[in-house]
Amino acid sequence: MDSSNFATCTLKRLIRLAPNSVEKFRTKVRGTTWRRTLFRAASAASFVLLAACNAGGGGHAAKVTAEPNSGLSPTAGLGKKIFSDETLSASGRQSCATCHSPDHAHAQPNNLAVQPGGTNLDRPGFRAVPSLRYLDLNPAFSFSDEGTPTGGFNRDGRAQTLAAQAQRPFLAQHEMANANKEEVIKRLRRASYFEEFRNVFGSHILEHPDEAFDRLTFALQQFQVEAPEFHPFNSRYDQFLAGKATLNDAEQRGLAIFNDPEKGNCFACHPSAKGADGTPPLFTDFTFDNLGVPRNSAIAANRDSTYFDLGLCGPDRIDLAAQAELCGAFKVPTLRNVATRKVFFHNGAFTSQRDAVSFYARRDTHPGEWYPAGPGGAPQKFNDLPQQYRDNVNTDEVPYDRLPGMMPALSAADIDDLVRFLETLTDLSTSAQ
Ligand code: HEC
Ligand code: HEC
């Protein structure tokens, strides 16, 4: 594939991710009114463009056969090998698949808040590992016409494409910890699929480590976009939507609560209905919100009481640091496969799904259940945010529109039903463990 093709494919990818239909919800964030925007991605159109992109591989790609029976293009087939190649890390013991385990819906296999990485696998990370499922329909980051931040990769949306995202784990000193791109390419030269890499991208590519590194990350992107294992759409809920399965009573009650604007109101950010064109729901609208999740002392960086992970406004992301109203907002994750997760929210503050759901209902009515007591004995609400950003937390939308002494929006039985419903969102190819 030559570089013009590479650029065209990347561009097509950005275009294909443009949302095709929009519904609006209002949410108020610290004086500014963002309009919550629900995107229904055009998946049918996207696959047409994708096919065009792969066909455009031309040249070198045509000389290489795809993985036998995998249905993957040669580029994606390479991406698959790179994804689980531990020799590309400084430790020699970590690959993408180590943290994004295929057996755990491409999320972390353990219940640590953050994963260790680095040369000796002893440098702690900063955020819980998100699932890599269904990200092929995640749009690039932008502000909508109404000013709602939307899309992008990572929990702060800072990477514009999956390929751009894939650069960081190779170089981050708390992850695969290569000193620079040259070092990654040096390791690649020793990989068993090195010859294949040269055949797909051309042998001249290795004279330019920067370009070779771009191709390496592009291959990872194509693997995540093309391989059905990243977006099987075969959960029981998908079968239910297709009229091929039924939900039991508890699951149906859970679904009704999820979609009830006066009860769970979950669908306002985690859309659960098929798009007008029949596209299956993704359970995220790709927007950002500030839930005021409790601080997690299991994250080493949090031992420094002046350190705060503020999502959209830093520290990893720097371009929005001046927009104080965005501080503490993180991307809405998909709830597909949420029942297989071992830790919840950006900082892994919860290890039980029931607690994560319960937090929504009881955060404001029973803050003492979630936050440590302050010097005066009162719970320190929103203690993972500096004082000046605590007003940014969403306290307007159901189910957070309560005060201490009020009834929670959800009863214990409602929470049980919601959890049962969420369990129907597990892909069949991924066993909940
Ligand atoms: C040490 C664990 C670790 C390794 C190794 C790792 N990741 Fe990640 N990955 C994470 C964490 C943690 C995040 C969230 C980072 C953030 O929000 O800043 C993440 C985020 C991502 C995202 C963005 C997901 C989203 O919801 O936007 C993608 C895509 C991704 N990783 C792909 C990869 C690929 C490809 C590799 C291999 C080159 C890789 N990761 C290696 C831990 C890891
Ligand atoms: C106003 C938007 C909004 C609403 C309404 C909402 N969520 Fe969320 N949800 C989010 C955001 C944002 C996150 C990620 C927060 C973070 O990482 O700190 C999230 C994360 C989660 C998680 C953790 C997933 C993970 O991968 O760690 C669960 C579980 C969840 N939501 C369930 C629900 C349920 C159940 C409801 C309804 C009771 C609901 N949400 C309503 C925005 C929302």
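Structure shown above.
Note that this is a predicted model, so its numbers are computed, not measured. (Residues numbered from 1 in each chain as written. Chains lettered and ligands numbered in written order. Predicted model: local features only at pLDDT ≥ 70, side-chain atom pairs only at ≥ 80, totals over all residues.)

1. Observations concerning the site of ligand 1
Around ligand 1 lies a shell of 26 residues, among which Cys 96, Cys 99, Asn 154, Arg 155 and Pro 169 are the nearest. Of all elements in the fold, only α5 (96-99) and α6 (162-171) reach the threshold of two or more residues within the shell around ligand 1. Element by element, the count of residues in the shell around ligand 1 is highest for α6, at 5 residues. (Near = placed C-beta within 6 Å. Helix = DSSP H or I, 4+ residues; strand = E, 2+ residues; numbered from the N terminus.)

2. A few points about the nonpolar core
Ranked by size, the top nonpolar core spans 91 residues in total, and within it Leu 216, Ala 219 and Leu 418 carry the most contacts. Considering every element that reaches this core, the biggest residue donor is helix α9 (residues 209-226), with 8 residues. In this structure, Ala 219 is in contact with Thr 75, Ala 76, Leu 78, Gly 79 and Ile 82, ignoring residues within four places of it in sequence. (Core = buried A, V, L, I, M, F, W, Y, C linked by C-beta atoms within 7 Å. Buried ≥ 20, exposed ≤ 12 C-beta atoms within 10 Å, placed from the backbone. Contact = placed C-beta atoms within 7 Å.)

3. Side note on the site of ligand 2
As a structural note, the neighbourhood of ligand 2 is formed by 25 residues, with Gly 264, Cys 266, Cys 269, Asp 289 and His 346 the closest of them. Considering each element in turn, the shell around ligand 2 owes the most residues, 3 residues, to helix α12 (residues 353-362). Residues belonging to the shell around ligand 2 are distributed by class as follows: 17 nonpolar, 5 polar and 3 charged. (Nonpolar A, V, L, I, M, F, W, Y, C, P; charged D, E, K, R; others polar.)

4. Side note on α12
Burial analysis of α12 places 8 of its 10 residues in the buried class, which makes it a mostly covered element. Gln 353, Ala 356, Val 357, Ser 358, Phe 359, Tyr 360, Ala 361 and Arg 362 are the residues of α12 that are buried. On its buried side, α12 packs onto α13 (412-422).

5. Brief notes about unusual backbone geometry
Cis geometry is adopted by the peptide bond preceding Pro 315, which originates at Gly 314 and carries an omega value of 5°. In the segment running from Val 398 into Pro 399, the intervening peptide bond is cis, with an omega of 5°. As for its placement among the helices and strands, Pro 399 is situated in the loop between α12 and α13. Backbone geometry at Ala 105 places phi at a positive 55°, although glycine is not the residue there. You can call Ala 105 buried: it has 26 C-beta atoms within 10 Å. A positive phi angle, near 60°, is found at Phe 283, a position not held by glycine. Relative to the helices and strands, Phe 283 is located in the loop between α11 (249-259) and β7 (288-289). Look at Phe 283 and you get buried, because 23 C-beta atoms sit within 10 Å.

6. Here we look at the environment of Asp 136
Counting through the fold element by element, Asp 136 comes out in the loop between β4 (123-124) and β5 (142-143). You can call Asp 136 buried: it has 22 C-beta atoms within 10 Å. Remark: the alpha-carbon pair of Asp 136 and Val 225, spanning 89 residues in sequence, is separated by 5.1 Å. With residues up to four places along the chain from it excluded, the contact list for Asp 136 reads Gln 224, Val 225, Phe 230 and His 231.

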